[in-house]
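Here is how the chains run, residue by residue.
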Amino acid sequence: MSASAPNGSSDVSGSGRRVSFPRSVRLLRHADFERVYKQGRRHFAAHMTVFYLARAEGEGLRVGFTVGRVLGGAVQRNRMKRRLREAVRLRRPAESAAVDVVINPKKSLLTADFADVEREVSRAFEVIQKSVEKR
RNA sequence: CAGCCGGACCGGACGGUCGCUCGCCUCGUCUUCGGAUGAGGUGGGAGGAAAGUCCGAACUCCGCAGAGCAGUGUGCCGGAUAACGUCCGGGAGGGUGGGUUCAAAGCCACUCGACGGAAAGUGCCACAGAAAACAUACCGCCCCGCAAGGGGUAAGGGUGAAAAGGUGCGGUAAGAGCGCACCGCCGCCGCAGCAAUGCGGCGGGCAGGGCAAACCCCACACGGAGCAAGACCAAAUAGGGAGGGACCCGGGUUCGCCUGGGACACGUGCCGACUCGGCGCGUCACCACCUCCGGGUAGGUCGCUUGAGCCCCGCAGCAAUGCGUGGCCUAGAGGAAUGACCGUCCUGCCGGGAGACCGGCAGACAGAAUUCGGCUUACAGGUCCGGCUGCCAU
RNA sequence: GUCCCCGUCGUCUAGCCCGGCCUAGGACAUCGCCCUUUCACGGCGGUAACACGGGUUCAAAUCCCGUCGGGGACG
């Protein structure tokens, strides 16, 4: 437990690394989403489903979110996206293979503990790294 | 002080760490000089409904001589407004309560409301009832008659949502606006009012059902689509057009080409043969290739936030609202930013405690997407103003 | 974001335009009885709906307005 992180729930500043999540590592284009959905593999978790696909060119991890209308009103959907984005920001690996990832949340994400969400995202990234390196 | 009603307003507060997005400043890198990108600093970053998309506009494109038809909408009067189905004021009307009265209406208070036309026409009015819009007479009542029946009547009964005005007195064989009084209705006149309409007078015994949120008639308004509008830049792939490739000369031409000769190139046959030369034959102008042009998808840029704008004060107006002085700049994303975690405090509930207090939980409805004016719907809690009622004190 | 359409038994539907005969009809499903040794088939009977709230009308599933829910089109 670092002295600069008195809350202790997430040692953000304990690692010493500034964690950010700029737009350049987001998945933003419709065509990218379609490709991941059609050709990608899936990883299931309690509060979300993660689609991922290795990219041929470029480097690093890119992440996008899909939150459909069935998951609730605009307030609920925005909350899911914001919590997911925050979790990805905190748990995003510094170095990674070239992979595109799409996360589909489930309704339970709205009420889940944020620590659980962080843990799930972190675990999903580990699984994806192993799966991609095996090829 | 409490409760109810109406109106206006707020929509947890402060701080820390990390992040997202937009603007500005400084410094780098790349550059096709348009810009792209990175770091640091600094400032801004959801709502009263942002919602539903129910009306009205601005704006953009398309269409258009003018008018009409069709269609849609609105519908008492006056005003406000850029406009409206909105808002303000007023007027008829309905409902509830009070009071007068034998009873009711007229009267008073509160409240509601899509409120033009039913003597332009068409249609419908189930069941019940004699009769449902042409008027009629079931039980009755009265008169004549021994009776059968005939005549008068519409007060009473009955049916119905609705049955040729209501109440009272007179009148009559019984009755009836048959006569009278009051109220209602129709017409005319006068006065008040911009008008809707109201008030008064005179005349008429009374013409006539309801439904137009049924078709419809009248008056008024409206061209259609919508920022995914629209404008600009524009990859890959496919496809369109023009030119080159396809040289020179002569002739013809419908200007697309056709024809004769020659040169070059390519392919091929034969002959000679040293890399080559000579002769003959063929070469469809399709495809492919190159250059340019136009449409246009992905993608990008603009539209994109200074506007019928907000705040304070004053003036005009009963008000909606308008005018004037001064001040302010207040989100602009685009698979879509406005968040995550924590601390202190505030409000409410629960538990513990004699109490100060301690612990836990909760803090609504809900998220900008071109922009405004309205309407409707959802909403914890709180503040202010006005009115009414109750209680306490003076 | 913009623009449209639709809500009737558990399911699919008729009735709505032009209001009353609607106590809302039919089919499948379901329940009970009969038939049969039993099941099936068949017959008889029952349960069961106008999305919600206002308004117009004597009277509303139907006409008008507003909510709520569902579905679709447009790059």
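Everything numeric here is computed off the predicted structure, so don't read it as measured data. (Residues numbered from 1 in each chain as written. Chains lettered and ligands numbered in written order. Predicted model: local features only at pLDDT ≥ 70, side-chain atom pairs only at ≥ 80, totals over all residues. Heavy atoms only, no water.)

Another aspect to go through is the packing of aromatic side chains. According to the stated counting rule, one finds one aromatic pair in the structure shown. Plain terms: the ring middles of Tyr37 and Phe51 are 4.8 Å apart, the flat faces sit at 75 degrees to each other, and that makes the pair edge-to-face. Highlighted residues: Tyr37 in helix H1 (residues 30-39) and Phe51 in strand S2 (residues 48-54), separated in sequence by 14 residues. For Tyr37, a relative accessible area of 29% gives the class partly exposed. Residue classification places Phe51 among the buried residues on the basis of a relative accessible area of 12%. (Phe/Tyr/Trp six-rings, centres within 6.5 Å; stacked < 30°, edge-to-face > 60°. Helix = DSSP H or I, 4+ residues; strand = E, 2+ residues; numbered from the N terminus. Buried < 20%, exposed > 50% of the residue type's maximum accessible area, 1.4 Å probe, protein only.)

With that settled, consider the pairing of strand S4 (residues 99-105). Counting buried residues in S4 gives six out of seven residues, a clear majority hidden from the surface. For S2 and S4, the ladder comprises seven bridges, and the chain directions are antiparallel. The residue of S4 that forms the bridge with Tyr52 is Val101. Both strand S3 (residues 61-65) and S4 contribute to a ladder of five bridges, which runs parallel. Bridging across to S4, Phe65 finds its partner in Ile103. Following the backbone out of S3, through helix H2 (residues 74-91) and into the adjacent parallel S4, one traces a crossover that is left-handed. (Pairing = 2+ DSSP bridges. Right-handed = clockwise from strand over helix to strand, strands pointing away.)

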